[in-house]
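An overview of the molecular structure
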Amino acid sequence: MGMNENVSKPLDRLSVELAGDMDRVNALIRERMASRHAPRIPEVTAHLVEAGGKRLRPMLVLAAARLCGYQGNSHVLLAAAVEFIHTATLLHDDVVDESQQRRGRPTANLLWDNKSSVLVGDYLFARSFQLMADTESMQVMRILANASATIAEGEVLQLTAAQDVSTTEDTYIQIVRGKTAALFSAATEAGAVVAGADPAVQQALFDYGDALGIAFQIVDDLLDYGGSTTTIGKNVGDDFRERKLTLPVIKAIARADEAERAFWERTIGQGRQDEADLATALEILRRREALEAARADAIAWAGRAKAALQAAPDQPLRRILADLADFVVSRLS
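Residues take numbers from 1 onward in each chain, read along the sequence in its written order. Local features in this predicted model are restricted to residues of pLDDT 70 or higher, and side-chain atom pairs are both shown and tallied only at a pLDDT of 80 or more, whereas totals for entire chains, interfaces and linings draw on every residue. Note that the side-chain values use all heavy atoms of the structure and ignore hydrogens as well as water.

In the annotation of an unreviewed UniProt entry, the chain is listed under the name Octaprenyl diphosphate synthase and assigned to Paracoccus versutus. UniProt positions are given in the numbering used here, feature names are shortened, and annotations may be inferred rather than shown by experiment. Turning to the chain, the UniProt annotation filed under Function (unreviewed entry) states: "Supplies octaprenyl diphosphate, the precursor for the side chain of the isoprenoid quinones ubiquinone and menaquinone." You can read under Cofactor (unreviewed entry) in the UniProt record for the chain the words "Mg(2+)".

Right under this line is the structure:
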């Protein structure tokens, strides 16, 4: 898929477009992450904030609000709340996954310990509720509270489904909605709600965030079987070694013969792996065209995201959000 230049970096264009708002969000994040009483909190949060990340979720809040003509200040509070929820889940995820690296840097649980990661994560969740309350919008609070519950649910579902080779694509999408898409769709929907957009536009922006999030996660899962470490800061095959059942593997299992089924059962189901197994897994994924099929799914979800935007106001920002959907899957080319 040759991406033309104007699509190449929609995130950068979004940053330029939202620069003023984003400065206020970053200032608010720094202010609310501080803690007078527990010095460990600023240590851990500073490590995370400096690790950067793309600030994609807060930008989605700001973009949705601006797209709907919002003039007030609540979208800044909301964007910070969303980033806090995201950061809290990262802290907790790294403990659950026993991760050593995130965005190419050592994780907080490695630099400090699991207790600090879990407790600072709790602190950030609590901070996010304060920020939501500051918007004084019941509807916004409901959206973000629901998303927080869905995220936690997705994480727990992943614990039980992750290594079960009978897991279906439907369950996978449910997990992805929890893990990734719920916060994307909450970000875009809440941005529209805070701007007082009409219900059809709120729904359109929810649908956009949902489909974008699913495409984003499928791409991530695909890159794990073929992206270079530099692009995503994790090593190729991490998901395989951690016995995570992601879309390419689910597709390969659905198409497997007896010998392949036994291979997946041993390596993912039972976790008995040796050095040569990753190469075999990649070979089976290629042979069963599982990577191709997952890639087609990601592109289809990106298409759904773009289609949903048709109901949103026709502004330059809408163009950038549409390009963002293309950009997410362009990482696969």
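That shown, we press on.
1. Here's the deal with the packing of helix H6 (residues 74-96) against helix H9 (residues 138-161)
Where H6 contacts H9, the two axes come as close as 12 Å, and the packing angle between them is 15°. Here H6 lies roughly parallel to H9, going by the angle between them. When the axes of H6 and H9 are compared, the crossing they make is right-handed. Residues Leu78, Ala81, Val82, Ile85, Thr89, Asp93 and Val96 of H6 pack against Val140, Leu144, Ser148, Ile151, Glu155 and Leu159 of H9. By residue class, the composition of the contact of H6 with H9 is 9 nonpolar, 2 polar and 2 charged. Fitting a line to C-alpha atoms yields each axis, with helices limited to the stretch in contact; the angle taken between N-to-C directions then spans 0 to 180 degrees. Working definition: helices are DSSP H or I runs of at least four residues, strands are E runs of at least two. Numbering for both runs from the N terminus. For this classification, under 35 degrees means roughly parallel, over 145 means roughly antiparallel, 65 to 115 means roughly perpendicular, and everything else is oblique. By the definition used in this description, the sense in which the near helix is turned from the far one sets the handedness, with an anticlockwise turn below a right angle giving left-handed and a clockwise turn giving right-handed. Whether two residues touch is decided by their heavy atoms; if any such pair falls within 4.5 Å, the residues are in contact. Three classes are used, and their members are as follows: Ala, Val, Leu, Ile, Met, Phe, Trp, Tyr, Cys and Pro are nonpolar, Asp, Glu, Lys and Arg are charged, and the others, Gly among them, are polar.

2. Description of the packing of aromatic side chains
Each aromatic ring pair is characterised by the separation of its centres together with the angle its planes make. Under the pairing criterion, centres of Phe, Tyr and Trp rings, with the six-membered ring standing for Trp, must be within 6.5 Å; the plane angle then separates stacked pairs below 30 degrees from edge-to-face pairs above 60, leaving the rest tilted. Counting across every chain of the model gives 5 aromatic pairs. Taken together, a centroid distance of 6.4 Å and an interplanar angle of 10° make the contact between Phe240 and Phe263 stacked. Residue Phe240 is located in helix H13 (residues 238-241), and its partner Phe263 is located in helix H15 (residues 258-269); the two are separated by 23 residues in the primary sequence. Between the aromatic rings of Phe240 and Trp264, the centroid separation amounts to 6.5 Å while the plane-to-plane angle is 75°, which identifies the pairing as edge-to-face. Taken together, the residues span a long stretch of sequence, with Phe240 in helix H13 and Trp264 in helix H15 at a distance of 24 residues. Across this residue pair, the class does not change: Phe240 and Trp264 are buried. Directly above the ring of Trp301 sits Arg304, whose terminal nitrogen or CZ lies 4.0 Å from the centroid. Think of it in three bands: residues with accessible area under 20% of the maximum for their type are buried, residues over 50% are exposed, and the middle band is partly exposed, with areas taken using a 1.4 Å probe on protein chains only. Two conditions define a charge sitting above a ring: the NZ of Lys or the CZ of Arg must be within 6 Å of the ring centre, and it must be within 35 degrees of the ring normal.

3. With respect to the nonpolar core
Here, nonpolar core means buried Ala, Val, Leu, Ile, Met, Phe, Trp, Tyr and Cys residues that are tied together by side-chain atoms lying within 4.5 Å of each other. If you look at the biggest cluster of nonpolar residues, it comprises 109 residues, and the most contacted ones within it are Trp264 and Leu324. The element contributing the most residues to this core is helix H10 (residues 169-194), with 13 residues.

4. Structural notes on helix H17 (residues 290-309)
Between its first and last C-alpha atoms H17 spans 29 Å; for 20 residues at 1.5 Å apiece the expected length is 28 Å, and the two agree. Within H17 the residues assigned to the buried category are Ala290, Leu291, Ala293, Ala294, Ala298, Trp301, Ala302, Ala305, Ala308 and Leu309. Buried residues belonging to H17 abut H10, helix H11 (199-223), helix H14 (247-254), helix H16 (277-287) and helix H18 (316-330). Given the number of residues in a helix, its expected span is that number minus one, multiplied by 1.5 Å.

5. Here we look at H10
At Ala181, H10 shows its maximal kink, close to 60°. One or two steps after H10, the chain reaches Gly196, where phi turns positive at roughly 70°. Each residue is assigned a bend, namely the angle between axes fitted to the seven residues that terminate at it and the seven residues that start at it.

6. A closer look at the side chain of Thr135
Of note, Thr135 is situated in helix H8 (residues 114-135). Accessibility expressed as a relative area gives 10% for Thr135, which makes it buried. When neighbours within four sequence positions are excluded, Thr135 is seen to be in contact with Ser74, Leu77, Leu78 and Val140.

7. Re unusual backbone geometry
Although it is not a glycine, Arg243 adopts a positive phi angle of roughly 60°. One non-glycine residue, Glu289, adopts positive backbone phi at about 50°. Tracing the chain through its elements places Glu289 in the loop between H16 and H17.

8. Comments concerning the side chain of Lys244
Along the chain, Lys244 turns up in the loop between H13 and H14. Polar contacts, as counted here, are pairs of nitrogen or oxygen atoms within 3.5 Å of one another; within protein the pair requires one atom able to donate a hydrogen and one able to accept it, and residues that are adjacent in sequence qualify only if both atoms are side-chain atoms. At a separation of 3.2 Å, a polar atom in the side chain of Lys244 contacts the side chain of Glu242. Those residues in contact with Lys244 that lie beyond four places of it in its chain are Asp97, Gln158, Ala162, Asp239 and Ile268.

9. Here's the deal with the environment of Leu205
Turning to its location among the elements, Leu205 is positioned in helix H11. As for Leu205 and Ala187, which are separated by 18 residues in sequence, their C-alpha atoms are 9.0 Å apart. With residues near it in sequence (within four places) discarded, Leu205 still touches Ala64, Leu67, Cys68, Thr188, Glu189, Ala192 and Leu309.

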